[in-house]
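Structural overview
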Amino acid sequence: WSDFFANMLTMDTSVANPVNRPMGTFASGEPPFGSTGIRPAPYDTSFAVNGYTYDDVNNTSGISEPHGIGFVWATMLWDMTWALIDQYGFDPNIYSGTGGNNIAMQLVIDGMKLQPCNPGFVDGRNALLAADMATTNGENQCLIWDAFAKRGLGLLAQQRDANNIWDSVESFDIPAD
């Protein structure tokens with residue numbers, strides 16, 4: 001969650017999507033827009049730059065716990081955010097703006113309130129979809145499904161035990177409707 005909010009509150013609107021956003025470059029001795037920072041890849045909607053998907057949380061040799069797992073989740077949120085920005089534009093007013101970035105932040109905040117204790121990826125995705133239903137009557141359902149399915153958290157994805165990262169099953173499908 002912290003990577004998502006850090007990225008949202010420091011967005012550079014002069015850069016078009018996809019945006020190569022490393023995290024914590026200062027901690028790794030890199031310049032502000034260094035190569036990767038403290039995460040396995042920068043946040044970017046392009047698979048050429050960031051090819052991580054839901055299946056990567058099963059790979060404990062390649063993804064750390066908990067930060068690497070959170071990185072995969074934040075990657076999905078970054079894709080959703082840029083899809084919303086592409087749809088509604090960017091609004092630099094973080095307090096009362098109406099752009100896609102504002103919608104993404106509100107959906108994430110509302111989704112956090114709706115998810116169960118100790119949520120897994122599927123719980124988080126479902127909470128964001130429920131938040132969209134509650135706030136926009138489902139106006140962004142297709143966009144949200146597309147963003148998550150792109151990274152393997154589609155309709156038939158399974159988290160099984162939310163406390164066990166080794167039993168996740170990815171799926172790239174979306175609901176028929």
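As a starting point, this report considers the structure included with it. Predicted model, so just to flag it, every value in this text is computed and none were measured.

**Observations concerning the overall build of the protein chain**
Check the secondary structure of the protein chain and you find five helices and zero strands. Across the protein chain, helices and strands are ordered from the amino to the carboxyl terminus as α-α-α-α-α. Rg of the C-alpha trace for the protein chain: 15 Å, near the compact-globule value of 16 Å for 177 residues, within the 12% margin. Of the contacts made within the protein chain by residues no fewer than 6 positions apart, 53% connect residues no fewer than 24 positions apart. As presented, the protein chain carries roughly 8,500 Å² of accessible surface, and 55% of it is formed by carbon and sulfur atoms. Side-chain charges of the protein chain comprise 7 positive and 20 negative groups, with the mean position of each set lying 3 Å from the other.

**Some words on the packing of aromatic side chains**
Applying the stated rule across the entire model yields eight aromatic pairs. Here the aromatic rings of F4 and F5 are separated by 5.1 Å at their centres, their planes lie at 75 degrees, and the arrangement is edge-to-face. Using a relative accessible area of 21% as the deciding quantity, one classes F5 as partly exposed. Where Y52 meets F71, the ring centres are 5.1 Å apart and the plane angle is 80 degrees; that geometry is what we call edge-to-face. Here F71 lies in helix 2 (residues 67–88) and Y52 lies in the loop between helix 1 (2–9) and helix 2, a separation of 19 residues in the sequence. The pair formed by Y52 and F71 is uniform in burial state, with each residue classed as buried. Through pairs of rings, three or more aromatic residues link up here, namely W1, Y54, W73, F121 and F148. Residue placement shows R151 over the ring face of F47; its charged tip is 4.2 Å from the ring centre.

**Observations concerning the packing of helix 2 against helix 3 (residues 100–114)**
As a packed pair, helix 2 and helix 3 sit with axes 7 Å apart at the nearest point and diverge in direction by 140 degrees. By the criterion of interaxial angle, the relationship of helix 2 to helix 3 is oblique. The handedness of the crossing between helix 2 and helix 3 is right-handed. Residues L77, M80, T81, L84, I85 and Y88 of helix 2 form the contact with helix 3, whose participating residues are G100, N101, I103, A104, L107 and V108.

**A word on the environment of V57**
Inspection of the secondary structure assignment puts V57 in the loop between helix 1 and helix 2. Since its relative accessible area comes to 2%, V57 is described here as buried. Spatially, the C-alpha atom of V57 lies 24 Å from that of D110, the residues being 53 residues apart in sequence.

Criteria and cut-off values
- Residues numbered from 1 in each chain as written.
- Predicted model: local features only at pLDDT ≥ 70, side-chain atom pairs only at ≥ 80, totals over all residues.
- Heavy atoms only, no water.
- Helix = DSSP H or I, 4+ residues; strand = E, 2+ residues; numbered from the N terminus.
- Rg over C-alpha atoms; globule rule 2.2 N^0.38 Å.
- Contact = heavy atoms within 4.5 Å.
- Areas by Shrake-Rupley, 256 points an atom, 1.4 Å probe, with all protein chains shown as cover.
- Lys, Arg positive; Asp, Glu negative; His and termini not counted.
- Charge placed at Lys NZ, Arg CZ, Asp CG, Glu CD.
- Phe/Tyr/Trp six-rings, centres within 6.5 Å; stacked < 30°, edge-to-face > 60°.
- Buried < 20%, exposed > 50% of the residue type's maximum accessible area, 1.4 Å probe, protein only.
- Lys NZ or Arg CZ within 6 Å of the ring centre and 35° of its normal.
- Axes fitted to C-alpha atoms, helices over the stretch in contact; angles between N-to-C directions.
- Parallel < 35°, antiparallel > 145°, perpendicular 65-115°, else oblique.
- Left-handed = near helix turned anticlockwise from the far one by under 90°.

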